[in-house]
Amino acid sequence: MQLGIVGLGRMGGNIARRLTRAGHACVLWDRNATTVGELAGEGMTGSSDLTDLVARLAAPRVVWMMLPAGEPTEATVDALAAILSPGDIIIDGGNTFYKDDIRRAEALLPKGIAYVDVGTSGGVWGLERGFCMMVGGTKEAVDHIDPILAALAPGKGDIPLTPGREGRDPRAEQGYIHAGPAGAGHFVKMIHNGIEYGLMQAYAEGFEILKNKDSTTLPENERYTLNMPDIAEVWRRGSVVSSWLLDLTSIALAKDEQLSAFPGEVADSGEGRWTVMAAVEEAVSAEVLTAALYTRFRSRQTHTFGEKMLSAMRFQFGGHTEFKMDK
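Residues numbered from 1 in each chain as written. Predicted model: local features only at pLDDT ≥ 70, side-chain atom pairs only at ≥ 80, totals over all residues. Heavy atoms only, no water.

*Asks:* Please explain the overall build of the protein as it appears in this structure.
*Replies:* When helices and strands are counted, the protein shows 15 helices and 8 strands. Overall, the C-alpha framework of the protein stretches about 75 × 45 × 40 Å when taken along its three principal axes. Sorting the 327 residues of the protein into buried and exposed places 46% on the buried side. Restricting the contact set of the protein to residue pairs at least 6 apart, pairs at least 24 apart contribute 68%. Element-wise, carbon and sulfur atoms account for 56% of the exposed surface of the protein, whose accessible area totals about 15900 Å². (Helix = DSSP H or I, 4+ residues; strand = E, 2+ residues; numbered from the N terminus. Buried < 20%, exposed > 50% of the residue type's maximum accessible area, 1.4 Å probe, protein only. Contact = heavy atoms within 4.5 Å. Areas by Shrake-Rupley, 256 points an atom, 1.4 Å probe, with all protein chains shown as cover.)

*Asks:* Please clarify how the side chain of D117 should be interpreted in this entry.
*Replies:* As for its position among the elements, D117 is in strand 6 (residues 114-121). Buried charge without a salt bridge: D117, with R104 as the nearest opposite-charge side chain at an N-O distance of 8.9 Å. Polar side-chain contacts of D117 include one of 3.0 Å to the backbone nitrogen of G185. Among the polar contacts made by the side chain of D117, one reaches the main-chain amide nitrogen of H186 at a distance of 2.9 Å. Discounting residues that sit within four places of it in the chain, D117 has contacts with D92, D101, M134, V135, G136, G137, P181, A182, G183, A184, G185 and H186. (Lys, Arg positive; Asp, Glu negative; His and termini not counted. Salt bridge = Lys/Arg side-chain N within 4 Å of Asp/Glu carboxyl O. Polar contact = N/O pair within 3.5 Å; in protein donor to acceptor, adjacent residues only side chain to side chain.)

*Asks:* How should I be thinking about the layout of surface pockets in this particular structure?
*Replies:* Empty space among the atoms becomes apparent when a probe as large as a water molecule is rolled across them. Counted as a void, the second largest pocket has a volume near 280 Å³. In terms of lining, the second largest pocket is formed by 16 residues, of which the most central are L109, I113, A114, Y115 and T138. Breaking the lining of the second largest pocket down by element, the ones donating at least two residues are strand 6 and helix 7 (139-144). Residue composition of the lining of the second largest pocket, grouped by class: 10 nonpolar, 5 polar and 1 charged. (1 Å grid on protein atoms, 1.4 Å probe; cavity = no way out; pocket = protein on both sides within 12 Å on 5 of 7 lines; lining within 4 Å. Points joined across faces, edges and corners; volume = space filled by probe spheres on them. Nonpolar A, V, L, I, M, F, W, Y, C, P; charged D, E, K, R; others polar.)

*Asks:* Would you mind showing me how to read the packing of aromatic side chains here?
*Replies:* Describing an aromatic ring pair means giving the distance of the ring centres and the angle of the ring planes. Under the criterion given, the structure shown has 7 aromatic pairs. Look at F97 and W274: their rings are 5.1 Å apart centre to centre, the planes differ by 40°, and that puts the pair in the tilted class. Of the two residues, F97 is situated in the loop between strand 5 (89-92) and helix 5 (98-108) and W274 in helix 13 (residues 271-282); the sequence distance between them amounts to 177 residues. The exposure class assigned to F97 is buried, which follows from its relative accessible area of 16%. Sitting over the face of the ring of F305, K211 holds its NZ or CZ atom 4.9 Å from the ring centroid. (Phe/Tyr/Trp six-rings, centres within 6.5 Å; stacked < 30°, edge-to-face > 60°. Lys NZ or Arg CZ within 6 Å of the ring centre and 35° of its normal.)

*Asks:* Could you clarify how one ought to interpret the packing of helix 13 against helix 14 (residues 287-298) in this entry?
*Replies:* Packed helices, taken two at a time, are described by their axes: the angle between them and the distance between them. It is the contact of helix 13 with helix 14, at a shortest axis distance of 10 Å, that shows an interaxial angle of 140°. Classified by the angle their axes make, helix 13 and helix 14 are oblique. The element helix 13 and its partner helix 14 pack so that their crossing is left-handed. Between helix 13 and helix 14, the contacting residues are G272, R273, T275 and V276 on the first element and L289, T290, L293 and F297 on the second. Here the residues of the contact of helix 13 with helix 14 sort into 4 nonpolar, 3 polar and 1 charged. (Axes fitted to C-alpha atoms, helices over the stretch in contact; angles between N-to-C directions. Parallel < 35°, antiparallel > 145°, perpendicular 65-115°, else oblique. Left-handed = near helix turned anticlockwise from the far one by under 90°.)

*Asks:* Please explain the sheet that holds strand 6 as it appears in this structure.
*Replies:* What holds strands together in a sheet is hydrogen bonding between their backbones, with the strands either parallel or antiparallel. Taken in spatial order, the 8 strands of this open sheet run 3-2-1-4-5-6-7-8, and their pairing is mixed. Each edge of the sheet is formed by a strand with only one pairing partner; in this case those strands are strand 3 (45-46) and strand 8 (176-180). Sheet topology note: the strand 4 (residues 62-65)/strand 5 ladder contains 4 bridges and is parallel. Residue pairing in the sheet places W64 in a bridge with I91 of strand 5. (Pairing = 2+ DSSP bridges.)

*Asks:* Mind showing me how you'd approach the nonpolar core here?
*Replies:* Soluble globular proteins: nonpolar side chains tend toward being buried together. In terms of nonpolar packing, the biggest core is built from 31 residues, with I5, L19, W64, V116 and M133 touching the most fellow members. Considering every element that reaches this core, the biggest residue donor is helix 8 (residues 146-152), with 4 residues. When neighbours within four sequence positions are excluded, L19 is seen to be in contact with L3, I5, H24, C26, I148, A151 and L152. (Core = buried A, V, L, I, M, F, W, Y, C linked by side-chain atoms within 4.5 Å.)

Geometric descriptors of this kind do not, in isolation, establish any biological role.
Shown next, in the form of structure tokens:
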């Protein structure tokens, strides 16, 4: 397929590369002309602005946005709506609030432009591992872009099939799903990220307890100086708490057991807050996810080893830099 990609940051550029490797034709635009030029040198087509990008696409046009949630995405949707035609498709692959998706899809409907939201997980590793995607939109629009989604998805890999899944949608086993109408994809991704907060917090707290076992406040015969990198490594192998997050934790600890490059200040990019808001709206108890979010707020005042670990994990899976780059 041919498609336009707007926004070539940590994930947008790798989405373009993965699609190009799979034989799709990508037309690119980003505010940073240097980035556009670099990717054009890898066999993609650059454009000078949104109008030029749309002009280079054959109908029905498909434009995938990978932009920060909020005003950058809002402004780009408005600009595209003014120059696209009935039958064209706008895809938002960023971390947009799902209620904004619902509003945008309804606004584009009279114009005949389809709006698809894709909750995209994979971070800076997506180029090689593939991207896990949760998709919202009409069946017609999602079916039309299926070749794009299939190329970006990780595929079955060596993960065993789940017993009892016979007859269910095979796309889930490939690493992507059509979750429902507009907004459903980003809603599922939002809860995914809320869960991620809780999982990361559990690892961070557990490893901080392990690290502090040599505290002078404990009786001397109860103190242990434990090897954090070895514990992370052994838990990766056969343990019930093994996961990709633990893999990334092991990488960070192997490089620097003290995580000295990470100050311990942990950002939140919105999805955790939105997850807690959804829990309140639904009257669902979400103690762990809420506590994990509040810990991130507190981390901006004091910094513990556990918070450094949270920061290290965010860097490993998403390239989020909360540390001094010269370390």
